Amino acid sequence: MTPADTGASTTVGAASAVSVPDTSDARMAPGGPGYRRMSLALFLAGVATFALLYSTQALLPLISGDMGVTASDASWTVAAATGGLAVFVLPMSALSERFGRRTVMTASLAVAVTVGLLVPFAPSLPALVALRAVQGAALAGLPASATAYLAEEVTPRALVTAIGLFVAGNSVGGMSGRVITGWVAQEWGWRVAVGVIGVVAVACAVAFRLLLPAPRHFKAGSLRPRVLVRTVRDHLANPLLRRLYAIGALFMTVFGGVYTVIGYRLAEAPFSLPQGLIGSIFLVYLVGTVSASTAGRLVGRLGRRGALYLGGGTTAAGLLLSLAPSLPLVLLGLVLITAGFFAGHAVASSAVGKTAQYGRAQASALYQSAYYVGSSAGSTVGAVAFHAGGWTGTVGIGLLAVLGVVAITVTGSVAARRTAGAVAAGA
């Protein structure tokens, strides 16, 4: 299957992990100098980002009870953080073009972990939502800058694998944050739980700054608004990038909705699980760690279109399984949803970095913005659907989003084939 078949980009080739450095390229590659330090640093950045960003998600039933609010109201503590990230990711990416990826990532983590230490002291839901929005805005400097850093500093053949490791850090952060908060909150309440996550994120931020190699291939760009607007306009005019942005948003709509609401479902009959066990459910994130880190090999075997179909199909199967009134089947459903989501996200995000020939931070920022808009929409709409129709309503929203992923991938494949046919006819 050719790259054009994916509808992503004709410049995106099959990528897989390699065991020896690519001597034809001065950039980092597996087995080469600095690659392990870089991988660990960005892995830890991913851990801190997702642990902070979703620190309240597993605690929503406790927040609802403590503050006397509904599930829909409490879900804004998640939606505000992801919404803040979605709004500020593009401006932060512009700063990274001017001041450097490592500088912006370091500053973003510093502000986010500081706010994370203040979140436990929020006196009311509006104050908590406001702090979470600020935290999300601060974290906006991480995702797009990290993807751009990898696109510049890592060899093209290793790019999907490197981004997969960063996404794997996201999954570990999301898992550990929810598991830790679940058990801590069961004993000492949700405020102590989010405080513990703040301390863990501080440790990750310090290690990240000490480990990440200085960039060698970064070239400072301009902060002029006209240049930024032109770059963004060019990216949005690219139909291949637009499709990737939509795919990222739809995958995250599923994921955000499912994991915002699952705690409420498991706390109710017939499951009636305690908070500690509900938090432990998020251990299934380990599946996401594996599926994201192996995305490169998946693309190498199936092609990018095949990998997206597999991710979407796996996610849909998990949604349907989760409807069963059996805890083992619900857990299996969550495993499939998580595996499909992280694989699809790793494939789509790496394609953005390879497709954009300039302004990579802005291209990645637009993807991240769409991705977290999807998260905010999924969190809010998923909670509303749960309130109106129970878990079946949330699953229905997820299935519609997966159908959108499939439709966009098919549309991209048709467009790529038409383009290839027109080129062949002209030749």
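No experiment lies behind these values; they were computed from the predicted model shown.

A. Structural view of the overall build of the protein. A tally of regular secondary structure across the protein gives 16 helices and zero strands. Relative to its length of 427 residues, the protein is compact, with a C-alpha radius of gyration of 20 Å against a globular reference of 22 Å. When its C-alpha atoms are laid out on the principal axes, the protein stretches across 65 × 40 × 40 Å. In the structure as shown, the protein presents an accessible area of about 15700 Å², 69% of it carried by carbon and sulfur atoms. Distance between charge centres in the protein, computed from 28 positive and 11 negative side chains, equals 9 Å.

B. Fine view of the pattern of salt bridges. Tallied over the full model, the rule gives two salt bridges. Put simply, Arg191 and Asp66 hold a salt bridge, and the shortest N to O gap is 4.0 Å. In this pair, Arg191 is assigned in helix α9 (residues 190–211) and Asp66 in helix α2 (residues 60–67), connecting sequence segments 125 residues apart.

C. Spatial organisation of the packing of aromatic side chains. Counted by the stated rule, this structure contains nine aromatic pairs. An angle of 70 degrees between the planes, with centres 4.8 Å apart, marks the rings of Phe341 and Phe342 as edge-to-face. Through pairs of rings, three or more aromatic residues link up here, namely Phe255, Tyr259, Phe341, Phe342, Tyr367, Tyr371 and Tyr372. Here the basic side chain of Arg98 rests over the ring of Phe99, its NZ or CZ set 5.6 Å away from the ring centre.

D. Seen up close, helix α11 (residues 239–267). Helix length check: α11, at 29 residues, gives a terminal C-alpha distance of 43 Å against a target of 42 Å (1.5 Å per residue), a fit within 8%. Its axis deflected by about 35 degrees at Val261, α11 carries its strongest bend there.

The rules behind the values
Residues numbered from 1 in each chain as written. Predicted model: local features only at pLDDT ≥ 70, side-chain atom pairs only at ≥ 80, totals over all residues. Heavy atoms only, no water. Helix = DSSP H or I, 4+ residues; strand = E, 2+ residues; numbered from the N terminus. Rg over C-alpha atoms; globule rule 2.2 N^0.38 Å. Areas by Shrake-Rupley, 256 points an atom, 1.4 Å probe, with all protein chains shown as cover. Lys, Arg positive; Asp, Glu negative; His and termini not counted. Charge placed at Lys NZ, Arg CZ, Asp CG, Glu CD. Salt bridge = Lys/Arg side-chain N within 4 Å of Asp/Glu carboxyl O. Phe/Tyr/Trp six-rings, centres within 6.5 Å; stacked < 30°, edge-to-face > 60°. Lys NZ or Arg CZ within 6 Å of the ring centre and 35° of its normal. Expected span 1.5 Å × (residues − 1). Bend = angle between axes of the 7 residues up to and from the residue.

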